[in-house]
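Now for the letters of each chain:
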Amino acid sequence: MKYYFINHGFMGSNIENWFPWFKENIDNEENLCIIPQYPIDKEHHFYSDWKKVLDAYNNFEMINEESIIIGHSTGSSFSMKYLLENKIKVDKLVLVSGFNNYYAENEDDFHKKVNQTFYLENEELVKVKDYANEIICIYGDNDPYITQEALHNLVEVLDANEVIIHNGGHLNKAAGYTKFEEILKII
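Every chain is numbered independently, its residues counted from 1 as its sequence is written. Per-residue local features of the predicted model are confined to residues with pLDDT of at least 70, and side-chain atom pairs are confined, for both listing and counting, to 80 or more; whole-chain, interface and lining totals are unaffected and use all residues. Note that water and hydrogens are dropped before the side-chain values are worked out from all heavy atoms of the structure.

Peer 1: Tell me what's going on with helix H1 (residues 19–26), and back it up with residues and numbers.
Peer 2: All of the buried residues along H1 are Phe19, Trp21, Phe22 and Ile26. The buried residues of H1 all sit within an arc of 160° when viewed along its axis, so they share a single face. Each element contacted by the buried residues of H1 is listed here: strand S1 (2–7), strand S2 (31–34), strand S3 (68–72) and helix H7 (181–186). Residue exposure (1.4 Å probe, protein chains only): buried if accessible area is under 20% of the type maximum, exposed if over 50%, otherwise partly exposed. The way it works is that DSSP assigns letters per residue, a run of H or I at least four long becomes a helix, a run of E at least two long becomes a strand, and they are numbered from the N terminus. Directions are taken from the helix axis to each C-beta atom, and the arc is the one they span. By the convention used here, residues are in contact when the closest approach between their heavy atoms is within 4.5 Å.

Peer 1: How would you summarise helix H2 (residues 47–58) if you had to cite specific residues and measurements?
Peer 2: One full turn of an α-helix is made of 3.6 residues, so residues set three or four places apart face in the same direction. By definition here, a helix of n residues has an expected span of 1.5 Å times n minus one. Taking 1.5 Å per residue as the helical rise, H2 with its twelve residues ought to reach 16 Å, and the 16 Å between its terminal C-alpha atoms agrees with that figure. Inspection of H2 places Tyr47, Asp49, Trp50, Lys51, Leu54 and Asp55 among the buried residues, and these make up the whole buried set. Among the structural elements, S1 and helix H3 (74–86) are those in contact with the buried residues of H2.

Peer 1: How would you explain the state of the cysteines if you had to name every residue and give the values?
Peer 2: In protein chemistry, a disulfide is the covalent bond that joins the sulfur atoms of two cysteines. Disulfide assignment relies on a single distance test, namely cysteine sulfur atoms paired within 2.5 Å. This structure, assessed with the given rule, holds zero disulfides. Unpaired in terms of disulfides, Cys33 finds its nearest cysteine sulfur in Cys137, a separation of 19 Å. Cys137 gets classed as buried once you look at its relative accessible area, which sits at 2%.

Peer 1: So, the pairing of strand S6 (residues 161–165): which residues are in play, and what are the values?
Peer 2: The pairing criterion is simple: DSSP has to find at least two bridges between the two strands. With five bridges joining them, strand S5 (residues 132–140) and S6 adopt parallel strand pairing. The residue of S6 that forms the bridge with Ile136 is Asn161. Note on handedness: a crossover is taken as right-handed if, strands pointing away from the viewer, the path from the first strand over the helix to the second is clockwise. In this region the chain leaves S5, passes through helix H6 (residues 148–158) and returns to the parallel neighbour S6; the handedness of that crossover is right-handed.

Peer 1: Can you break down the nonpolar core residue by residue, with the values?
Peer 2: Ile63, Met80, Leu93, Val128 and Leu158 are the most contacted members of the largest nonpolar core, which totals 43 residues. In terms of residue count, the dominant contributor to this core is H6 (six residues). Setting aside residues no more than four positions away along its own chain, Ile63 makes contact with Phe5, Leu54, Asn58, Ile69, Tyr82, Leu83, Ile88 and Val90. Ranked by size, the runner-up nonpolar core spans 20 residues in total, among them Ile6, Trp21, Ile70 and Val96. For the purposes of this section, nonpolar cores are sets of buried Ala, Val, Leu, Ile, Met, Phe, Trp, Tyr and Cys residues that join through side-chain atoms within 4.5 Å.

Peer 1: So what's going on with the packing of aromatic side chains? Residues and values would help.
Peer 2: Geometry of aromatic contacts follows a simple scheme: Phe, Tyr and Trp rings, the Trp one being its six-membered ring, pair when their centres are within 6.5 Å, and the pair is stacked under 30 degrees between planes, edge-to-face over 60, tilted otherwise. Tallying each qualifying case throughout the model produces 16 aromatic pairs. Pairing Tyr47 with Phe118 gives two aromatic rings, centres 6.2 Å apart and planes at 85°, and the pair type is edge-to-face. With Tyr47 in helix H2 and Phe118 in the loop between helix H4 (109–116) and helix H5 (122–125), the pair connects residues that are 71 residues apart, well separated along the chain. Just as Tyr47 is buried, Phe118 falls in that class too. For the ring pair Phe78 and Tyr82, a centre distance of 5.9 Å and an interplane angle of 40° mean the geometry is tilted.

Peer 1: Now, about the pattern of salt bridges: what can you tell me, with residues and values included?
Peer 2: Any two side chains of opposite charge can pair, given that their charged atoms come close. Throughout this description, the term salt bridge denotes a Lys or Arg side-chain nitrogen within 4 Å of a carboxyl oxygen of Asp or Glu. Summed over all chains, the structure comprises four salt bridges. As a salt-bridge pair, Lys23 and Asp27 come within 2.7 Å of each other at their nearest N and O atoms. A relative accessible area of 28% places Lys23 in the partly exposed class. Across the pair Asp55 and Lys51 runs a salt bridge, and its minimum N-O distance is 2.9 Å. Of this pair, Asp55 and Lys51 are both found in helix H2, four residues apart, which corresponds to roughly one turn of the helix. With a relative accessible area of 19%, Asp55 lands in the buried category.

Peer 1: Can you tell me about the layout of surface pockets, naming the residues and giving the values?
Peer 2: Reported here for the largest pocket is a volume of approximately 470 Å³. Together, 23 residues line the largest pocket, and Phe10, Ser73, His111, Tyr145 and His170 are the ones closest to its centre. Amino acids are sorted into nonpolar (Ala, Val, Leu, Ile, Met, Phe, Trp, Tyr, Cys and Pro), charged (Asp, Glu, Lys and Arg) and polar (every other residue, Gly among them). Of the residues belonging to the lining of the largest pocket, the class tally is nine nonpolar, eleven polar and three charged. Detection works on a 1 Å grid of protein atoms alone, calling trapped sets that fit a 1.4 Å probe cavities and calling open sets with protein on both sides within 12 Å along at least five of seven lines pockets, with lining residues defined by an atom within 4 Å of a point. Grid points are joined across faces, edges and corners, and a volume is the space filled by probe spheres set on the points.

Peer 1: With reference to specific residues and values, describe the environment of Val90.
Peer 2: Locating Val90 in the fold gives a position in strand S4 (residues 90–96). According to the relative accessible area criterion, Val90 is buried, its value standing at 0%. Residues within four places of Val90 in sequence aside, it is in contact with Ile63, Asn64, Glu65, Ser67, Ile69, Leu83, Tyr131, Ala132 and Asn133.

This is the structure we're talking about:
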């Protein structure tokens, strides 16, 4: 059985965006897509709390060299940190609208406090490439939340394959992404 994990982003949900559509198109006798729901309440919206959720799957060795991890937005930062911290190698790491160590100009203190628990220092970030056979960064050329510089910087640091979606926005429901045909072709 090949496992696919989708890690949602800040204040996100496992039933939003293109996630349910992806699961419907992946699940079969050979593949299983798991979309954990991470805590999003203000007391538990931190890396350490999200880690506990994913640890439950890791305890059953569902995250392994054949797995594909997909992180969306902050879920990308979480995915990278989790693999590095736990020294788990996966087949593919797909970072959708992913970034690291980036704070938006209008970001409030709560946002900053939460996000910094997910971030890696740049000298740690470069090591992430040792934990995936392939890293793919997918992002829109007009993301309203993350600068193009921050999105492209992640590609550079990770020496990842880059896929830029014209008018893709943040590749979420607000940008029209309740389906995501491109990601099926990519993986």
